Structures are given as structure tokens and as C-alpha cells.
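What follows is each chain in one-letter form.
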Amino acid sequence: MSIASLVTQQNVSDSEWAIRCELAALYRVIDNLRMTDLVYTHLSARVPDEPNCFLINQWGELFDEVTASSLVKMDLDGNVIGEQGAFNSAGFTIHSACYMAREDVNCAVHLHTKASIAVASVRCGLLPLSQHSLYVVDDLAYHDYEGPAVDLDERENLGRDLADKNNLLLRNHGLLSVGRSIPEAFRNAYYLEQSCAIQVAAQSLGDELILLSDDIVENMGKTKRERFRTADDTGQLEWDALVRQLDRQGADYKR
Ligand SMILES: [Zn+2]
């Protein structure tokens, strides 16, 4: 029996159901933006009032199949809470590492977009090339490739690399962005992905790149980052618009 038929709005707390709906919406938004990789990659959210538990997609579901009830609830030791549900073991390694390393993190987004893998696979990494990049370029670290992230020992290195940054480029692999909320983590991942895509496009033109000056990166970028990183509603404006779009489309993520 699928776990989707076992979890209902009636048998979880109101706060857990709300975060289930919001995380399921995130899967649908990422799908709408074509940032998926078949049934691979994963998005997660910490369960409110249960800091040692998080929600993640069920193994094998496409992002546009994920619903509030189909999400799997796990603790940081890898136990599935409630009825059994299959999960991606690399997903457990990556996402539990985020929540173990950072008490302030309540959402983590891991993607295998072509642009992020490309930029993660060149020595220079992300360059201060576009306005988009100003949001993330100095809130970004790199994590060396250690294999498909099924070895739990990798959590220590992931936690170290994420210690004071909200975005990681995983060398040869993809991106990992975190946030205090689902809207904030989405916003970080979106700007990192867009920055990578713009860089790949610009580098493909074969002309000399015009990098933003150190002054702009330091001053304008710093101003923007401080405003967004200290506000409690970072990403909320865009997020609400994207959820309205889902609802206009009749997306059934709240099931
Ligand atoms: Zn991955």
C-alpha cells in the first residue's frame, strides 16, 4: 500500500499538514520551472516542533506526483516515522546533514540542473557575472565529490562546507541550497540556478567576460544580501505568486 493513502490531514498536526502542503507545492514549482532530474534529487523541510524530523519525497515519484500525504517523514537517524515509505538514501545523507549542521535551516533544496553541474565542474566555479549572481556569489561554498552520497560519513563534510553559507555547489554533481523557510530556500536555489545558467550561456559566446567589480560585489551585493538574509519574509512575495499560479493550474499538491 502506498504511504499516500495512510497519511491524512486528520492524522497529523495542523502545523505538520501545513508544511506538507507547502513542501508539496515546492516540488510542483520546481517541476513547473523544469529544474527536475527524472525521479532523482530531493527537497525537504523540517517538521515544525519536531526538530529531529524532516519530510522528503517518496522514492520513485516524479515531482508533479508529490502530494502532502505522499511525503515521507524521517528522523535524523534514518528511521521512517509512521508507516513505511521508501526514500532515496542519498537524499537522507544530504538532507539530514543540513539539519544536523544548522539549527536555523528548515528547508533544503537539492537539484541536478545542467547549468549547476556545469559550473560546479569547472575550476573557477560561479563568477560575479550577472546581477543575479550578486544574491548568491558570496553566500556560496563548494563541496568536493565523494560519490553518490550514500555513505553517511559524507554528512560531516557536507555540514562543514555548509557551516556559514546557504548555498553549495556540489562538485560534478549539482546544487544544494538551504533556508530558514521554504520560500527562502527556494529563492536561494532559484538565484543560484539562474546565475549558473547565465554564466554557461555567457561563456558559450566565447567572448571576453565582463565581471562585476569587487566594489559592486562588496557594496551592492552586501546591501541586497543583508536586506534579504535578515528579513523574516525572504522570498515570500515570489513564493506566494508561484503558489497562486499552482492553484490557478488546479495542481493537486494538497491531497
Ligand atoms: Zn544528487
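Everything here concerns the structure above.
Computed from a predicted model, the values in this text were never measured in an experiment.

S.K.: Can you lay out a nonpolar patch on the surface for me, pointing to particular residues and giving the numbers?
M.R.: There is a patch of nonpolar side chains on the surface, built from L38, Y40 and W59 and spanning about 330 Å² of accessible area. Relative to the helices and strands, Y40 is located in the loop between helix 1 (14–32) and strand 1 (42–47).

S.K.: Outline the coordination of the zinc ion, supporting the account with residue identities and numerical values.
M.R.: At this site the zinc ion is bound by H110 (NE2), H112 (NE2) and H173 (NE2), with donor distances of 2.0 Å. Between consecutive donor residues of the zinc ion, the sequence gaps follow H-x1-H-x60-H.

S.K.: Please set out the side chain of H42 residue by residue, giving values where relevant.
M.R.: Mapping H42 onto the fold places it in strand 1. For H42, a relative accessible area of 3% puts it in the buried group. Within polar-contact distance, the side chain of H42 engages the backbone nitrogen of G91 at 3.5 Å. A polar atom in the side chain of H42 sits 3.1 Å from the side chain of H95.

S.K.: With reference to specific residues and values, describe unusual backbone geometry.
M.R.: Glycine aside, residues mostly have negative phi, and peptide bonds are mostly found in the trans state. Backbone geometry places R34, a non-glycine residue, at a positive phi of 55°. Relative to the assigned elements, R34 resides in the loop between helix 1 and strand 1. By relative accessible area, R34 is classed as exposed at 76%. Positive phi is not limited to glycine here, since T41 has a value of about 65°. Mapped onto the elements, T41 comes out in the loop between helix 1 and strand 1. A relative accessible area of 0% means that T41 is categorised as buried.

S.K.: Could you give an account of the sheet that holds strand 1, naming the residues involved and the relevant values?
M.R.: Pairing is mixed across the open sheet formed by 7 strands, whose spatial order is 3-2-1-4-7-6-5. Of all the strands in the sheet, just strand 3 (72–75) and strand 5 (140–143) have a single pairing partner and so form its edges. Each strand of the sheet is rotated relative to its neighbour by a mean of 20°, with strand direction disregarded. Examined bridge by bridge, strand 1 and strand 2 (residues 50–56) share 4 bridges and lie antiparallel to one another. Across the sheet, the residue bridging to A45 is L55, located in strand 2. Sitting on the sheet, helix 1 is in contact with strand 1, strand 2, strand 3 and strand 4 (107–111), with an inclination near 165° to strand 1. Packing of helix 4 (residues 154–161) onto the sheet brings it into contact with strand 5, strand 6 (167–170) and strand 7 (174–179), and relative to strand 5 it is tilted by some 160°.

S.K.: Go over helix 4, please, and point to the residues and values.
M.R.: Looking at helix 4, one finds that the buried residues are E154, R155, L158, G159 and D161. For helix 4, the arc enclosing every buried residue in end-on projection is 165°, short of the 170-degree limit, so these residues lie on one face. In this structure, helix 4 carries E156 and R160 as exposed residues pointing more than 90 degrees from its buried face. Those residues of helix 4 hidden inside the fold are in contact with helix 2 (89–101), strand 5, strand 6 and strand 7.

S.K.: Please provide a residue-by-residue account of the environment of S15, values included.
M.R.: Secondary-structure assignment places S15 in helix 1. Distance from S15 to L55, taken between C-alpha atoms, is 13 Å for residues 40 residues apart in sequence. For S15, the contacting residues outside a window of four places in its chain are P48 and D49.

S.K.: Can you break down the pairing of strand 7 residue by residue, with the values?
M.R.: Counting buried positions along strand 7 gives 6 out of 6 residues, so the element sits mostly inside the fold. Both faces of strand 7 are covered, namely the face carrying G174, L176 and V178 and the face carrying L175, S177 and G179. Across 5 bridges, strand 4 lies against strand 7 in antiparallel orientation. Paired with C107 across the strands is G179, a residue of strand 7. Where strand 6 hands over to strand 7, the hairpin turn is made up of 3 residues, of which N172 adopts a positive phi near 65°.

Calculation criteria
Residues numbered from 1 in each chain as written. Predicted model: local features only at pLDDT ≥ 70, side-chain atom pairs only at ≥ 80, totals over all residues. Heavy atoms only, no water. Patch = residues over 30% accessible without salt bridge, like charges linked within 9 Å, V, L, I, M, F, W, Y side chains within 5 Å. Areas by Shrake-Rupley, 256 points an atom, 1.4 Å probe, with all protein chains shown as cover. Salt bridge = Lys/Arg side-chain N within 4 Å of Asp/Glu carboxyl O. Helix = DSSP H or I, 4+ residues; strand = E, 2+ residues; numbered from the N terminus. Donors = N, O, S within 2.8 Å, 3.2 Å for Na, K, Ca; no water. Buried < 20%, exposed > 50% of the residue type's maximum accessible area, 1.4 Å probe, protein only. Polar contact = N/O pair within 3.5 Å; in protein donor to acceptor, adjacent residues only side chain to side chain. Pairing = 2+ DSSP bridges. Axes fitted to C-alpha atoms, helices over the stretch in contact; angles between N-to-C directions. Contact = heavy atoms within 4.5 Å. Arc of directions from axis to C-beta.

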